[in-house]
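A structural walkthrough
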Amino acid sequence: MLTDYHLHLRPDEAETTYERYFTTANVERYRAAATAAGIEELGVAEHVYRFRQALDLWRHPLWLENADDDLDAYCEFVRGTPLRLGIECDYIPGAEERTRALLEARDLDYVVGSVHFVGEGDAAVDHEGFDVWDGAADPDQVWRRYFDAFGECARSGLFDILAHPDLVKIWGRARPLPEAELRAFYEPAVEAMVDGGAAVELSTAGLRKPVGELYPAPEFAALCAQAGVPFALSSDAHLPEQVGFAYDRAVELLESLGVGEICVFEGRNRRLVPLGAGVPSSRG
């Protein structure tokens with residue numbers, strides 16, 4: 001079986017309104033793309049900061065600019081489609097109980113937890129408008145801040161799937177690497193995942209980014225597999241044509257690591273099913 005649980009029905013640009021993209025016709029475009037990619041179960045996980053209720057968690061400038069929609073209307077719409085209902089929710093230190101209350105008040109199938117913002121202030125690892133790399137940022141410090149936050153996210157117990165666990169690498173060679181061995185960042189993250197019990201996302205989105213690599217990196221994924229961390233598959237699609245993007249690469253990596261099962265979710269309950277095969281090649 002193949003799944004794609006981390007996708008968005010609209011791009012991130014400001015003009016992408018709820019009314020334009022949350023339609024039956026758009027859902028059918030995504031489902032058709034999933035069928036073509038051999039994906040049997042599809043779920044949507046919109047960014048929490050798109051919803052007004054998220055401002056109870058954090059009032060970051062990006063959130064204030066984008067929190068136009070109603071979370072309950074989103075849930076009602078998705079429940080009227082064949083899609084699994086999820087949400088991508090940032091981990092906000094200090095807002096754990098408010099986050100838990102917001103999530104548990106909705107009939108979700110799963111929650112994708114993510115880290116985009118690190119340390120004090122508004123800095124993000126993947127948004128040039130709030131770039132943590134502005135100025136003479138020390139790469140070891142940036143990576144440590146990111147992975148410290150990821151560890152807290154993993155241990156929080158708030159989330160079912162942990163998104164793009166090494167997102168800090170997104171810019172590839174455009175940002176300096178830390179001097180420390182990357183394994184020194186990966187190993188504590190894996191320990192946190194084991195402690196927290198959530199699945200880790202194997203995402204092909206990194207192949208569309210400057211880094212040109214899966215999330216997590218193969219060495220990081222290998223450590224997860226060795227520790228028994230369960231995997232969920234995702235493309236982090238923001239357009240129908242990105243659904244199941246380069247899944248042959250993801251399946252190849254999982255199989256090389258001896259991973260034969262992936263997670264499926266319903267009502268925030270997880271079970272494991274055999275990993276599918278025979279996906280269309282992305283290599284032409």
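Rules behind the numbers
Residue positions are given per chain, counted from 1 along the sequence in the order it is written. Only residues with pLDDT of at least 70 get local features here, since the model is predicted, and only at 80 or more are side-chain atom pairs given and counted; chain-wide, interface and lining totals rely on the full set of residues. Each side-chain value is worked out from all heavy atoms of the structure, with water and hydrogens disregarded. Note on definitions: salt bridges are taken to be side-chain nitrogens of Lys or Arg within 4 Å of carboxyl oxygens of Asp or Glu. A run of DSSP states H or I qualifies as a helix once it reaches four residues; a run of E qualifies as a strand once it reaches two. Both are numbered from the N-terminal end. In this scheme, a residue with accessible area under 20% of its type's maximum is buried, one over 50% is exposed, and one in between is partly exposed, where area comes from a 1.4 Å probe on protein chains only. Note on pairing: two strands pair once DSSP finds at least 2 bridges between them. Contacts are residue-level and defined by heavy atoms, with any inter-residue pair within 4.5 Å sufficient. A fitted line through C-alpha atoms represents every axis, and for helices the fit uses only the stretch in contact; the resulting angles, taken between N-to-C directions, go from 0 to 180 degrees. In protein, a polar contact requires one atom able to donate a hydrogen and another able to accept it; more generally it is a pair of N or O atoms within 3.5 Å, and residues adjacent in sequence count only if both atoms are side-chain atoms. Side-chain rings of Phe, Tyr and Trp, where Trp is taken by its six-membered ring, are said to pair if the distance between their centres is within 6.5 Å; with planes under 30 degrees apart they count as stacked, over 60 as edge-to-face, and otherwise as tilted. Ring-over charges, as used throughout, are those where CZ of Arg or NZ of Lys falls within 6 Å of the ring centre and within 35 degrees of the ring normal. By disulfide we mean two sulfur atoms from cysteines, separated by a distance within 2.5 Å. Note on terminology: a nonpolar core comprises buried Ala, Val, Leu, Ile, Met, Phe, Trp, Tyr and Cys residues joined through side-chain atoms within 4.5 Å.

**What to know about the pattern of salt bridges**
- Tallied over the full model, the rule gives 17 salt bridges.
- Note that Arg84 and Glu41 form a salt bridge whose closest N and O atoms lie 3.5 Å from each other. In this pair, Arg84 sits in strand β3 (residues 84–90) while Glu41 sits in strand β2 (residues 41–47), placing the two residues 43 residues apart along the sequence. Neither Arg84 nor Glu41 differs from the other in exposure class; each is buried.
- A salt bridge links Arg79 to Asp109, with the nearest nitrogen and oxygen atoms 2.9 Å apart. Placement of Arg79 in helix α4 (residues 71–79) and of Asp109 in the loop between α5 (96–104) and β4 (110–114) is noted, with a sequence separation of 30 residues between them.
- What makes Asp109 buried here is its relative accessible area of 2%.
- Ionic contacts of the salt-bridge type, sharing partners, join the residues Glu41, Arg84 and Glu266 into one network.

**A word on the pairing of strand β6 (residues 199–203)**
- Counting buried residues along β6, 5 of its 5 residues qualify, which places the element largely inside the surrounding structure.
- Judged from the 2 bridges that link them, strand β5 (residues 161–162) and β6 form a sheet pairing that is parallel. Bridged to Leu162 within β6 is Val200.
- Both β6 and strand β7 (residues 231–234) contribute to a ladder of 4 bridges, which runs parallel. Each bridged residue has a counterpart across the sheet, and for Leu202 the counterpart in β7 is Leu233.

**Structural notes on the sheet that holds β7**
- With respect to topology, 7 strands assemble into an open sheet ordered β1-β2-β3-β4-β5-β6-β7, the strand pairing being parallel. Looking along the sheet, the strands with just one partner apiece sit at the ends: β1 (3–4) and β7.
- Here β3 runs beside β4; their pairing, made up of 5 bridges, is parallel. Counterpart to Cys89 in the pairing with β4 is Gly113.
- Seen against the sheet, helix α9 (residues 247–256) touches β1, β6 and β7 and runs at an angle of roughly 165 degrees to β7.

**With respect to the environment of Arg208**
- Within the secondary structure, Arg208 sits in the loop between β6 and α8 (218–227).
- We classify Arg208 as partly exposed; its relative accessible area is 25%.
- With 38 residues separating them along the chain, Arg208 and Ala246 place their C-alpha atoms 9.5 Å apart.
- In this view, Arg208 contacts Ser235, Asp236, Ala237, Gln242 and Phe245; residues no more than four positions away in its chain are not counted.
- Looking at Arg208, its side chain comes within polar contact range of the main-chain oxygen of Ser235, at 3.0 Å.
- Among the polar contacts listed, one links the side chain of Arg208 to the backbone oxygen of Asp236, at a separation of 3.0 Å.

**Describing the environment of Thr81**
- Note on placement: Thr81 falls in the loop between α4 and β3.
- Residue classification places Thr81 among the buried positions, given a relative accessible area of 16%.
- Residues Thr81 and Asp107 lie 26 residues apart in sequence; the distance between their C-alpha atoms is 14 Å.

**Quick word on the packing of aromatic side chains**
- According to the stated counting rule, one finds 18 aromatic pairs in the structure shown.
- Between the aromatic rings of Trp58 and Trp63, the centroid separation amounts to 5.5 Å while the plane-to-plane angle is 80 degrees, which identifies the pairing as edge-to-face.
- Here Tyr146 and Phe150 contribute two aromatic rings whose centre-to-centre distance is 6.4 Å and whose plane-to-plane angle is 20 degrees, an arrangement assigned as stacked. Of the two residues, Tyr146 and Phe150 both sit in helix α6 (residues 139–155), 4 residues apart, roughly one turn of that helix.
- Its relative accessible area of 0% is what places Tyr146 among the buried residues.
- With relative accessibility at 1%, the residue Phe150 sits in the buried group.
- Stacked on the ring of Phe245, the Lys or Arg Arg208 has its end atom at 5.3 Å from the ring centre.

**Brief notes about the state of the cysteines**
- Counted under the stated rule, the structure contains 0 disulfides.
- The structure places no disulfide on Cys75, whose sulfur is separated from the nearest cysteine sulfur, that of Cys89, by 12 Å.
- The thiol of Cys263 is unpaired, and the distance to the nearest cysteine sulfur, on Cys224, comes to 12 Å.

**Brief notes about the nonpolar core**
- In this structure, Trp63, Tyr74 and Met193 are the most contacted members of the largest nonpolar core, which totals 106 residues.
- Top element by residues in this core is α6. It accounts for 8 residues.
- If near-sequence neighbours (up to four positions away) are discounted, Trp63 is found in contact with Val48, Tyr49, Ala54, Leu55, Leu57, Trp58, Asp90, Ile92 and Phe117.

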